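# Examination of the molecular architecture
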Amino acid sequence: PLIPVDIINLVAEILKKDSGLAMGTAAIQIRDAEEFFNPNVVKVELNKRNEALIFSRAPIPWDRDLFAKSKESIPEDLGLRHVGIYSYRASFLKQYPHLSKSPLETFESLEQLRALWHGYKIGVEIFNREIPPGVDTFEDLERVRLYFGKK
């Protein structure tokens with residue numbers, strides 16, 4: 001409910017720029033260890049064309065050597081937080097309900113993994129400014145209710 005309108009518009013523009021994408025979405029840089037290790041924060045890793053490779057509730061990528069020493073902090077520019085907003089091609093939306101669930105989708109409880117499993121491409125726009133968190137838990141809902149109560 002707090003997502004800026006310009007981000008909604010930019011996610012829609014992703015599909016205009018690349019006809020090979022079935023979906024578009026957004027991400028921002030993870031800034032602290034608490035967010036990185038929080039399973040309610042979905043992470044995304046990209047290829048060099050800013051297409052999603054994988055989404056996960058687990059901390060990705062896993063810096064084996066650093067985290068063997070400490071999990072108190074994360075290096076700069078380590079991971080991306082997925083912002084739960086999508087743009088879709090109408091043709092893809094017609095096909096999606098007929099696609100079988102992927103094992104990863106079931107395991108992670110992330111529906112976008114079904115698209116990747118079946119070979120569809122998801123373009124990701126990375127934003128350099130803070131995007132307010134979404135509402136994924138009861139605590140998030142209470143935080144947003146307080147925010148709107150103050151306005």
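Reference entry: report on the structure contained in this document. (Residues numbered from 1 in each chain as written. Predicted model: local features only at pLDDT ≥ 70, side-chain atom pairs only at ≥ 80, totals over all residues. Heavy atoms only, no water.)

### A short note on the side chain of K43
Here is the rule: Secondary structure elements are defined from DSSP: runs of H or I of at least 4 residues count as helices, runs of E of at least 2 residues count as strands, and each element is numbered from the N terminus. Remark: exposure states derive from per-residue accessible area (1.4 Å probe, protein chains only) relative to the maximum for the residue type, with buried under 20%, exposed over 50%, and partly exposed in between. When charges are counted, Lys and Arg contribute as positive and Asp and Glu as negative, whereas His and the chain ends are disregarded. The working definition used for a salt bridge is a side-chain nitrogen of Lys or Arg within 4 Å of a carboxyl oxygen of Asp or Glu. Any N or O atom pair separated by 3.5 Å or less is treated as a polar contact, with the protein-specific requirement of one donor-capable and one acceptor-capable atom, and with residues adjacent in sequence counted only for side-chain atom pairs.
With respect to the secondary-structure elements, K43 resides in strand β2 (residues 43-46). Of the buried charged residues, K43 lacks a salt bridge, with E108 as the closest side chain of opposite charge at 8.1 Å. A distance of 2.6 Å separates a polar atom in the side chain of K43 from the backbone oxygen of V41. There is a polar contact of 2.9 Å between the side chain of K43 and the backbone oxygen of R57.

### A closer look at the sheet that holds β2
Stated precisely, the cut-off is as follows: Strand pairing is defined by DSSP finding a minimum of two bridges between the two strands. As a rule, the C-alpha atoms of each element are fitted with a line to give its axis, helices using only the stretch in contact, and angles between N-to-C directions run from 0 to 180 degrees.
Taken together, 5 strands build an open sheet; the order of strands is β3-β2-β4-β1-β5 and the sheet is mixed. The open sheet is flanked by β3 (52-56) and β5 (122-127), the only strands paired with a single partner. Between one strand axis and the next, the sheet turns by 35° as a mean value, whatever way the strands run. The pairing of strand β1 (residues 23-29) with strand β4 (residues 80-88) spans 7 bridges and is antiparallel. The residue bridging Q29 from the neighbouring strand is L80, located in β4.

### Focus on the side chain of E35
Going by this rule: Throughout, a contact is declared for two residues whenever any of their heavy atoms are within 4.5 Å.
Here E35 is to be found in helix α2 (residues 33-37). Those residues in contact with E35 that sit more than four places away from it in its chain are I30, V41, K43 and R81.

### Let's talk about unusual backbone geometry
Cis geometry is found at the peptide bond from I60 to P61, where omega equals -10°. Mapping P61 onto the fold places it in the loop between β3 and α3 (64-69). Of note in this structure, N50 is not a glycine but carries a positive phi near 60°. Tracing the sequence through the fold places N50 in the loop between β2 and β3. Not every positive phi belongs to a glycine, and S109 is a case in point at roughly 60°. Of note, S109 is situated in the loop between α5 (103-108) and α6 (112-117).

### Some words on the packing of aromatic side chains
How we decide: Working definition: a ring pair exists when centres of Phe, Tyr or Trp rings (six-membered ring for Trp) sit within 6.5 Å. Plane angles under 30 degrees give stacked, over 60 give edge-to-face, the rest tilted.
Within this structure, the stated rule accounts for 6 aromatic pairs. Between F36 and F37, the ring centres sit 5.2 Å apart and the planes meet at 85°, which makes this aromatic pair edge-to-face. When the ring of F92 is compared with that of Y120, the centres are 4.8 Å apart and the planes differ by 65°; the resulting orientation is edge-to-face. Here F92, found in helix α4 (residues 90-95), pairs with Y120, found in the loop between α6 and β5; they are 28 residues apart in sequence, far enough to count as distant. The class of F92 is buried, set by a relative accessible area of 2%. Here Y120 falls in the partly exposed class, since its relative accessible area comes to 23%.

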